[in-house]
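Descriptive analysis of the structure
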Amino acid sequence: MAQEPDFEEVQAPGQLRPWVRRYLYANRPLAADLTVQAKPTGFCYFVNFFGGNRGDYLTIDRRVVSRRTRWFLCGQITDHDLRFCHRHSLRVTIAELTATGHHRLFGTAGSDILGLAAELADIAPERACLAGRCFSLGPGGSRDGHVAQANAFFTRLAERCLPADEAVEHVVGAIERDHGMVRIAQLCAQTGIAPRELRRRFQHAVGMSPKFFAQVMQIKWAVGLLSAQDEASLAVVAQEAGFYDQAHFNRAMQRFFSESPSAFLRSDNRSFRSFYG
């Protein structure tokens, strides 16, 4: 029997949905060290560690970095190897931001934090000061209390957020709605923007190209179908997810997860169930 996910999902309030998709929350001791390997999800994450570090660390493309501070902004991932290693406890509130939420709330270009887990104080000092005023609860706080502090923090950020790039938002919405099964050229025609200009603006706001973002949305949809229809043939899942054939689906799974669809079904994938839920 599969184990429970590492994180509990908590929905963000409606007024924050333009910037925050949901929260992933955990507050528990660990019987053994836990390593969470990040995979491309199409979104960036604000992380509030509220339990101290006690030897926690992260690795970025095999470079080990000690976790010294409480707040991180984690950028998009393409082919990067990013892992969080928790030694004694998992006490964290993770805000999954919308595709442009990190840019609009923190004023940071998505391309500047691509493949990084950056300390908030290094990239947005004023926002780090605000975080210091909003987040005061430690491990003894309740889940609702931690989420309430996160809501207050993002509400303050939203009051002075950057305006939306309407063309980019339109393309993001279309890609998400159609699970990546779109033609970028058609979206360019709809917005009246040349492909090169759309790519530049999209990478600035989101952190990756429209094409790669669409690929991530497609593989996420495929993983959802795979998990929900584990009795269905892989060819059927590949077709429903919009892949040309099962071979293309297999190659996509190898690229994003380093395992075949059948191996994915046999594995535990606890973190995938949280971040691809």
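The coordinates are above.
In this text the structure is predicted, and so the values were computed from the model without any measurement.

1. A closer look at the packing of aromatic side chains
The final tally for this structure, using the stated rule, is 17 aromatic pairs. Judged by centre distance (5.9 Å) and plane angle (20°), the rings of Tyr 25 and Phe 50 are stacked. With Tyr 25 in strand S2 (residues 20-29) and Phe 50 in the loop between strand S4 (45-49) and strand S5 (57-60), the pair connects residues that are 25 residues apart, well separated along the chain. Overall, the relative accessible area of 6% leaves Tyr 25 in the buried class. With 6.5 Å between their ring centres and 85° between their planes, Phe 43 and Phe 213 make a pair best called edge-to-face. You can see Phe 43 sitting in the loop between strand S3 (34-38) and S4 and its partner Phe 213 sitting in helix H8 (residues 210-228), a full 170 residues away along the chain. The residues Phe 43 and Phe 213 share a single accessibility class, namely buried. Three or more aromatic residues joined by ring pairs form one cluster here, namely Tyr 23, Phe 46, Trp 71, Phe 106, Phe 135, Phe 153 and Phe 154. Sitting above the plane of the Phe 43 ring, Arg 21 keeps its charged end 3.9 Å from the centroid.

2. Description of the packing of helix H5 (residues 166-177) against helix H7 (residues 195-205)
In the contact formed by H5 and H7, the axes pass within 10 Å of each other and the chain directions differ by 85°. Here H5 lies roughly perpendicular to H7, going by the angle between them. Here Ala 167, Val 168, Val 171 and Val 172 of H5 come into contact with H7, specifically with Leu 198, Arg 201, Phe 202 and Ala 205. Here the residues of the contact of H5 with H7 sort into seven nonpolar, no polar and one charged.

3. Some thoughts on empty space enclosed by the protein
In total, this model carries two cavities of 30 Å³ or more according to the counting rule given. Approximately 320 Å³ is the volume attributed to the largest cavity. Lining the largest cavity we find 25 residues, and of these Val 36, Ala 38, Tyr 45, Phe 84 and Phe 275 sit closest to its centre. Elements supplying a minimum of two residues to the lining of the largest cavity: S3, S4, strand S8 (82-86), strand S9 (89-97) and helix H12 (270-275). Of the residues belonging to the lining of the largest cavity, the class tally is 17 nonpolar, seven polar and one charged. Lining the second largest cavity we find Phe 49, Asp 56, Tyr 57, Arg 67, Phe 84, Cys 85 and His 86. By residue number, the principal contributor to the lining of the second largest cavity is S8, which donates three residues. Broken down by class, the residue content of the lining of the second largest cavity amounts to four nonpolar, one polar and two charged.

4. Here's the deal with the environment of Ile 60
Within the element layout of this structure, Ile 60 appears in strand S5. Relative accessible area serves as the criterion here: at 8%, Ile 60 is assigned to the buried category. C-alpha separation for the pair Ile 60 and Ile 113, spaced 53 residues apart in sequence, amounts to 12 Å. With sequence-adjacent residues up to four places away left out, Ile 60 is seen in contact with Asp 81, Leu 82, Gly 115 and Ala 117.

Conventions used here
Residues numbered from 1 in each chain as written. Predicted model: local features only at pLDDT ≥ 70, side-chain atom pairs only at ≥ 80, totals over all residues. Heavy atoms only, no water. Phe/Tyr/Trp six-rings, centres within 6.5 Å; stacked < 30°, edge-to-face > 60°. Helix = DSSP H or I, 4+ residues; strand = E, 2+ residues; numbered from the N terminus. Buried < 20%, exposed > 50% of the residue type's maximum accessible area, 1.4 Å probe, protein only. Lys NZ or Arg CZ within 6 Å of the ring centre and 35° of its normal. Axes fitted to C-alpha atoms, helices over the stretch in contact; angles between N-to-C directions. Parallel < 35°, antiparallel > 145°, perpendicular 65-115°, else oblique. Contact = heavy atoms within 4.5 Å. Nonpolar A, V, L, I, M, F, W, Y, C, P; charged D, E, K, R; others polar. 1 Å grid on protein atoms, 1.4 Å probe; cavity = no way out; pocket = protein on both sides within 12 Å on 5 of 7 lines; lining within 4 Å. Points joined across faces, edges and corners; volume = space filled by probe spheres on them.

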